[in-house]
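Working through the structure, step by step
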Amino acid sequence: MMAGGNSRYVRYIAIAIFTLALFYFVSNSKYDAVSIRDAIPHASDKSPPAAEKPKPPQTDSKITPPLPATDKKPIDKPADKPADISTTKRPTGDAKEFPLALSPEDPNWDNDLTGIAPGPRMNATFVTLARNSDVWDIARSIRQVEDRFNKRYNYDWVFLNDKPFDDTFKKVTTSLVSGKTHYGEIPKEHWSFPEWIDQEKAKKVREDMAERKIIYGDSISYRHMCRFESGFFFRQPLMMNYDYYWRVEPSIELYCDIHYDPFRLMHEQGKKYSFVLSLYEYVETIKTLWDSTKKFMKNHPEHIAADNSMGFLSDDGGDTYNRCHFWSNFEVGSLNWLRSKQYIDFFESLDQDGGFFYERWGDAPVHSIAAGLMLNKSDIHFFNDIAYWHVPFTHCPTGEKTRLALRCHCNPKDNFDWKGYSCTSRYFDINGMKKPEGFENQQD
Ligand SMILES: Nc1nc2c(ncn2[C@@H]2O[C@H](COP(=O)(O)OP(=O)(O)OP(=O)(O)O)[C@@H](O)[C@H]2O)c(=O)[nH]1
Ligand SMILES: *[C@@H]1O[C@H](CO)[C@@H](O)[C@H](O)[C@H]1NC(C)=O
Ligand SMILES: *[C@@H]1O[C@H](CO)[C@@H](O)[C@H](O)[C@H]1NC(C)=O
Ligand SMILES: [Mg+2]
């Protein structure tokens, strides 16, 4: 090319100077000392400056008053002081003024879903247990939750990990969550073997389960995870600031718009636990869980609710466990219930028996048995209108009218509710609930 010659030399020289400058900068920069506080929120931080956050759309809808976004301003605090993260969200109208509208027939039904949702906010947070390597999978989940619900509510999100979260995890998740984000590291005592566990015995179990190809059967970390979700997530310092939680796992999908605040439904209807999917547990993982449960019931008859859901858990009045449980990767629930004496007594009794390590007890059957025995039936809620997927099961609302009103994008054929391996039909039966129209066509 003609344009070669001089300009090429100039370019080489420019590149050489640039490289030297870069080298000089890198070798002299005090990278380690650079505070990341400005960019990344820590557990003790307020949210990053409001300017960094995508502003929720302001409203022009007639029923939504043009109020400022909820409290997102960083509050200057000395760095060494524990954060005051009580969710002092500015109320945007009270419950009387904006009653919950749960179905399209309701006169207050919000069809537009634009702008910040009016009405009160609950003392509530999303919560996710995750590893740093889960960042892109949880990013997908957050995006779904924000798009279908939280962008109009701006609830906080607590992330928990047995290791420190890295900068990428914090940056990505904070950029996606419309509320405040908080990051907590789990203390060793909540993620290790209790001293009464016989390590040799536990090891033999893992080897045996590995041989029999039981899923996660050889995993130590999966057992710590299940024990943590059973007994500790709700009493982490960051979680003590809230009354309600919504658990979100990596790689989930939400298929329908959420037109009302599920936290508010829980609060106003006095619900303590909720689910979208239920199924039978893998028997190999919980062989003696019901024996431990029966022992607990005998030791603590005072903890058993009068109007409990034994019929959901057992087909013979409590003699044996039918393995039905609510799938706990989705939960909206009361933290105060989990922190109650009843629940803690139950968890501690199970923990003493060692089944988290001598078998592979999951947090789903543990939560479910607790809810089924220690709550009244009316304290448990089935969210038909929250459409959900976690591999490999889908909850897609039964009834075309509902699916169209909620702008769902799930295939109704995938709905698991009425199939043979689901326990939701049993749940409807013991609660005397009428199954939604069209359920018969989804049984296989
Ligand atoms: N910090 C941390 N989180 C974990 C660990 N193991 C699992 N988790 C989280 O705990 C939750 C449940 O773990 P999953 O691996 O999803 O277990 P699962 O849902 O039974 O199984 P999958 O079908 O693989 O999703 C998820 O939110 C994970 O990100 C771990 O060792 N450390
Ligand atoms: C939120 O709930 C926590 C835990 O119950 C409580 O300590 C805190 O005072 C509550 N905050 C508000 C603003 O009600
Ligand atoms: C269950 O209902 C009974 C009767 O209404 C009530 O006395 C009891 O306190 C309730 N139990 C729980 C755990 O809420
Ligand atoms: Mg999962």
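Above this text is the structure in question.
Values in this document were obtained by computation on a predicted structure and should not be read as measured data. (Residues numbered from 1 in each chain as written. Chains lettered and ligands numbered in written order. Predicted model: local features only at pLDDT ≥ 70, side-chain atom pairs only at ≥ 80, totals over all residues. Heavy atoms only, no water.)

1. Overview of the site of ligand 2
Rules: Note on terminology: near, applied to a residue and a molecule or strand, indicates that one of the residue's heavy atoms is within 4 Å of it. Throughout this description, a polar contact denotes any pair of N or O atoms lying within 3.5 Å of each other; where both atoms belong to protein, one of them has to be capable of donating a hydrogen while the other can accept it, and for residues adjacent in sequence the pair is counted only when both atoms sit in side chains. Under the convention used here, a 1.4 Å probe and the Shrake-Rupley method define accessible areas, while residue burial counts only the protein chains that appear. Residues are sorted three ways: Asp, Glu, Lys and Arg are charged, Ala, Val, Leu, Ile, Met, Phe, Trp, Tyr, Cys and Pro are nonpolar, and all the rest, Gly among them, are polar.
Every residue lining ligand 2 is accounted for by N123, M240, N241, Y242, D243, N336 and R339. N123 has a polar side-chain atom sitting 2.3 Å from an oxygen atom of ligand 2. The contact in question runs from an oxygen atom of ligand 2 to an N or O atom on the side chain of D243, over 2.5 Å. Taken by itself ligand 2 offers 360 Å² of open surface, and the protein chains cover 51% of this. Class assignment of the residues belonging to the shell around ligand 2 gives a composition of two nonpolar, three polar and two charged.

2. Points about the pairing of strand 2 (residues 156–161)
The following threshold applies: Exposure categories follow from relative accessible area, calculated using a 1.4 Å probe and restricted to protein chains: below 20% of the type maximum is buried, above 50% is exposed, and the middle band is partly exposed. Numbered from the N terminus, helices here are DSSP runs of H or I no shorter than four residues, and strands are runs of E no shorter than two. We call two strands paired when DSSP finds no fewer than two bridges between them. Handedness is read with the strands pointing away from the viewer; a crossover is right-handed when the path from the first strand over the helix to the second is clockwise.
The element strand 2 is largely enclosed, with a buried count of six among its six residues. Here strand 2 shows two buried faces, one formed by D156, V158 and L160 and the other by W157, F159 and N161. Note that strand 1 (residues 124–129) and strand 2 share five bridges and pair parallel. Each bridged residue has a counterpart across the sheet, and for T128 the counterpart in strand 2 is F159. Handedness of the crossover joining strand 1 and strand 2 through helix 2 (residues 135–148) is recorded here as right-handed. Across five bridges, the pairing between strand 2 and strand 3 (residues 181–185) is parallel.

3. Section: the coordination of the magnesium ion (ligand 4)
For the record, the criterion: A donor here means any N, O or S atom no more than 2.8 Å from the metal (3.2 Å for Na, K and Ca); water is not included, so a site may seem to lack partners.
Within the protein, the magnesium ion (ligand 4) binds to E249 (OE) and H390 (NE2); these donor distances fall in the range 2.0 to 2.2 Å. Placement of E249 in the loop between strand 4 (244–247) and strand 5 (253–254) and of H390 in strand 11 (residues 388–390) is noted, with a sequence separation of 141 residues between them.

4. A look at a nonpolar patch on the surface
Selection criterion: Candidate patch residues must exceed 30% relative accessible area and have no salt bridge, after which like charges are joined if within 9 Å and Val, Leu, Ile, Met, Phe, Trp or Tyr side chains if within 5 Å. Salt bridges are defined as contacts in which a side-chain nitrogen from Lys or Arg sits within 4 Å of a carboxyl oxygen from Asp or Glu.
A cluster of nonpolar residues, I215, Y216, Y282 and V283, forms a patch on the protein surface that exposes about 380 Å² of accessible area. The residue V283 is located in the loop between strand 7 (278–280) and helix 7 (289–299) in this model.

5. Topic: the site of ligand 3
Around ligand 3 sit M374, N376 and D379, and that is every residue in its neighbourhood. Separating an oxygen atom of ligand 3 from a side-chain N or O atom of N376 is a distance of 2.3 Å. Relative to its free-state accessible area of 360 Å², ligand 3 is covered by the protein chains to the extent of 36%.

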